[in-house]
Amino acid sequence: MGTPKVTAPLIFATTVATIGSFQFGYNTGVINAPEMIIKDFLNYTLEDKLSKPPTEVLLTSLWSLSVAIFSVGGMIGSFSVGLFVNRFGRRNSMLIVNLLAITGGCLMGFCKLAASVEMLIIGRLIIGLFCGLCTGFVPMYIGEISPTALRGAFGTLNQLGIVIGILVAQIFGLKVIFGTEELWPVLLGFTIIPAVLQSAALPFCPESPRFLLINRKEEDNAKKILQRLWGTQDVAQDIQEMKDESVRMAQEKQVTVLELFRAPSYRQPIVISLMLQLSQQLSGINAVFYYSTGIFKDAGVKEPIYATIGAGIVNTVFTVVSVFLVERAGRRTLHLIGLGGMAFCSILMTISLLLKDNYTWMSFVCIAAILVFVAFFEIGPGPIPWFIVAELFSQGPRPTAMAVAGCSNWTSNFLVGLLFPSAIFYLGPYVFIIFTAFLVIFLIFTFFKVPETRGRTFEEITRAFEGQLHERPQEKGPMVEMNSIQPVKESATNV
């Protein structure tokens, strides 16, 4: 067996792919900073059209729609992943959907010039569709081109792209850059630039070798790509593993969404995938980021926007830390540490917010709790749910599973954004107790049900789940069977 290396072609292909992740992060965070300016735009545009000032209810409804329509587009896009990747391939799908990013960016960028509220809302919907598709394409592509022993580290780069996108959106949203009444359309339309850059670079990236061999039966082409990506001529074992998977796939019928839940061999991994996606969104991280400016303001920070950017920097730094830890500590261990740390910080946030009026120093405790909360999120629950779904399924059901998992992530994201303002209105600081309860539930589930996939090939993981169907009476959970497999090729990778 050859020794896979971290080569220039592998780094280039992964970096180009993660531009899609950057787009998701950027368009998630970009709408928050210019909130008041966009509300003013909605106000005077509607006043011109209606010949009278719009009601507060109409104004608030249109602003909420401008924010929420992004998640609606994401739900639809993420559920459509399989329609693209099986027909056009992983790389070509990423290339094609950049048309959506350019269209959405143009609509948002020129909405002020056209004095059109409709262009803003439709642009947000289209960019949401694009980002929903990217959340499926990018982890799938990276997972399929990465060596087994480095799949987790490279998979974490997807999350790194997302958090860098959020951070750039926060910085660009400052009043000294694009967060002004004149330049906010540039802030929203900026998404065109990464789309053009990725479109120019993707033709120089290879198609997924697994897609070429298993779906297209192009063995020679797949072999050449693997050799170039991994920097070794001896890829016979990996090619054989793909051929075995191809034979299995040919014997299986088309995997539908219903089949994922009906077939015993798919049911366990899809339930694990959904729970991990929910553990990311129901952890409270979006509540912290969506409303971090207000939280820092309540905690007594005079310039809360800079504190929010500070949290974004912490976000990015600890995602980088996760890149180096995930292949050493393992996915399951990092996820458990992340969930446990976040649960502790959630309780600390609640206590400090309740006591900050009585004790001034509690404001600093609250800020520290938020920053540590973000750090624990990026150690586990941030990056791991995105790429572990691709690891739990073989080539046949993988696109459908990614679509279902991605859709559940976007749906829960939408619901948190929708319900959190009401929850904080009624519960105040006690709202984080709800997230603490969720974190404890996900911690228990992860401990008993989530397997360790570090160092295992896709074929080994699939066989392990199938093996449980016959041995379940003797086992406590899927973790037992999975962890009995020894990792392969883990020590044979040069960095």
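Throughout what follows, the structure given in this document is the object of discussion. (Residues numbered from 1 in each chain as written. Predicted model: local features only at pLDDT ≥ 70, side-chain atom pairs only at ≥ 80, totals over all residues. Heavy atoms only, no water.)

### Description of the packing of helix H20 (residues 331–355) against helix H21 (residues 362–379)
This is how it is decided: Every angle, taken between N-to-C directions, lies between 0 and 180 degrees, and every axis is a line fitted to C-alpha atoms, over only the stretch in contact when it is a helix. Counting from the N terminus, the helices are the DSSP runs of H or I reaching at least four residues and the strands are the DSSP runs of E reaching at least two. Any angle that is under 35 degrees is reported as roughly parallel, and any over 145 degrees as roughly antiparallel; angles of 65 to 115 degrees are reported as roughly perpendicular and all others as oblique. Should the near helix be turned anticlockwise from the far one by less than a right angle, the crossing is termed left-handed; should it be turned clockwise, right-handed. The criterion used for residue contact is that any of the two residues' heavy atoms lie within 4.5 Å. Ten residues, namely Ala, Val, Leu, Ile, Met, Phe, Trp, Tyr, Cys and Pro, are considered nonpolar, four, namely Asp, Glu, Lys and Arg, are considered charged, and the remaining ones, Gly among them, are considered polar.
In contact at an axis separation of 8 Å, H20 and H21 are set at 165° when each is read in the N-to-C sense. Judged on the interaxial angle alone, H21 and H20 are roughly antiparallel. With respect to the hand of their crossing, H20 and H21 are arranged in left-handed fashion. Residues Leu334, Ile337, Gly338, Gly341, Met342, Cys345, Ser346, Leu348, Met349, Ser352, Leu353 and Leu355 of H20 touch H21, and the partners they reach there are Met362, Val365, Cys366, Ala369, Ile370, Val372, Phe373, Phe376, Phe377 and Ile379. Here the contact of H20 with H21 is composed, by residue class, of 18 nonpolar, four polar and no charged.

### Focus: the packing of helix H2 (residues 19–29) against helix H11 (residues 192–201)
It is the contact of H2 with H11, at a shortest axis distance of 10 Å, that shows an interaxial angle of 170°. Our classification of the angle between H2 and H11 gives roughly antiparallel. Within the contact between the two elements, H2 uses Ile19, Gly20, Phe22 and Gln23 and H11 uses Pro194, Ala195 and Gln198. Broken down by class, the residue content of the contact of H2 with H11 amounts to four nonpolar, three polar and no charged.

### Some details on helix H16 (residues 264–281)
Worth spelling out the cut-off: Under the convention used throughout, the expected extent of a helix is 1.5 Å for every residue step, that is, one less than its residue count. When accessible area is computed with a 1.4 Å probe and restricted to protein chains, residues below 20% of their type maximum are described as buried, those above 50% as exposed, and intermediate ones as partly exposed.
A rise of 1.5 Å per residue sets the reference length of H16, with its 18 residues, at 26 Å; its end C-alpha atoms lie 27 Å apart and thus fit the reference within 8%. The element H16 is largely enclosed, with a buried count of 13 among its 18 residues.

### Observations concerning the packing of aromatic side chains
How two aromatic rings sit relative to each other is given by the distance of their centres and the angle of their planes. As a reminder, the rule being used: Aromatic pairing here means that ring centres of Phe, Tyr or Trp (its six-membered ring) are within 6.5 Å. Orientation follows from the plane angle: under 30 degrees is stacked, over 60 is edge-to-face, and everything else is tilted. To sit over a ring, a charge needs its Lys NZ or Arg CZ within 6 Å of the ring centre and within 35 degrees of the ring normal.
Taken as a whole, this structure holds 17 aromatic pairs when the rule is applied. Considering the side-chain rings of tyrosine 26 and phenylalanine 190, the 5.3 Å spacing of their centres and the 45° angle between planes classify their relative orientation as tilted. Taken together, the positions of tyrosine 26 in helix H2 and phenylalanine 190 in the loop between helix H10 (184–189) and H11 put the pair 164 residues apart, joining distant regions of the chain. This pair shows no difference in class: tyrosine 26 is buried, exactly as phenylalanine 190 is. Pairing phenylalanine 438 with phenylalanine 442 gives two aromatic rings, centres 6.2 Å apart and planes at 15°, and the pair type is stacked. Linking phenylalanine 438 with phenylalanine 442, this pair stays in helix H24 (residues 431–449), spanning four residues, or about one helical turn. When its relative accessible area of 29% is taken as the criterion, phenylalanine 438 is described as partly exposed. With relative accessibility at 4%, the residue phenylalanine 442 sits in the buried group. Clustering of aromatic rings is evident, with ring pairs tying together Phe22, Tyr26, Phe172, Phe178 and Phe190. Stacked on the ring of phenylalanine 458, the Lys or Arg arginine 151 has its end atom at 4.6 Å from the ring centre. Just above the ring of phenylalanine 458 sits the side chain of arginine 398; from NZ or CZ to the centre is 4.2 Å.

### Focus: the side chain of threonine 446
The following threshold applies: Whenever two N or O atoms come within 3.5 Å, that pair is a polar contact, provided that in protein one can donate a hydrogen and the other can accept it, and provided that, for residues adjacent in sequence, both atoms are side-chain atoms.
Inspection of the secondary structure puts threonine 446 in helix H24. A polar side-chain atom of threonine 446 sits 2.7 Å from the main-chain carbonyl oxygen of phenylalanine 442. Apart from residues lying up to four places away in sequence, threonine 446 is in contact with Leu276, Arg332, His335, Leu336 and Leu339.

### Considerations on helix H19 (residues 304–329)
As a reminder, the rule being used: Here the bend at a residue means the angle between the axes of two seven-residue stretches, the one that ends at it and the one that starts at it.
With 26 residues, H19 extends 35 Å between its outermost C-alpha atoms, agreeing within 8% with the 38 Å of an ideal straight helix rising 1.5 Å per residue. Most pronounced at valine 323, the bend in H19 amounts to some 35°.

### Focus: empty space enclosed by the protein
Convention followed: Cavity means a closed set of points on a 1 Å grid over the protein atoms alone, one where a 1.4 Å probe fits but cannot get out, pocket means an open set with protein on both sides within 12 Å along at least 5 of 7 lines, and lining means a residue has an atom within 4 Å of a point. Grid points are joined across faces, edges and corners, and a volume is the space filled by probe spheres set on the points.
All told, the structure shown has three cavities of 30 Å³ or more when counted by the stated rule. Of the volumes computed, that of the largest cavity is approximately 90 Å³. Lining the largest cavity are 13 residues, and of these Ser146, Thr148, Arg210, Trp230 and Phe458 sit closest to its centre. Of all the secondary-structure elements, those providing two or more residues to the lining of the largest cavity are helix H8 (117–145) and helix H14 (236–251). For the lining of the largest cavity, the leading source of residues is H14, giving three residues. Of the residues that constitute the lining of the largest cavity, the class distribution is four nonpolar, four polar and five charged. Empty space within the second largest cavity amounts to approximately 50 Å³. If you go around the second largest cavity, the residues you meet are Ser265, Tyr266, Pro269, Leu392, Phe393, Ser394, Pro397, Thr462, Phe465 and Glu466. For the lining of the second largest cavity, the secondary-structure elements that each account for two or more residues are H16 and helix H25 (458–471). Among the residues forming the lining of the second largest cavity, the class breakdown is six nonpolar, three polar and one charged.

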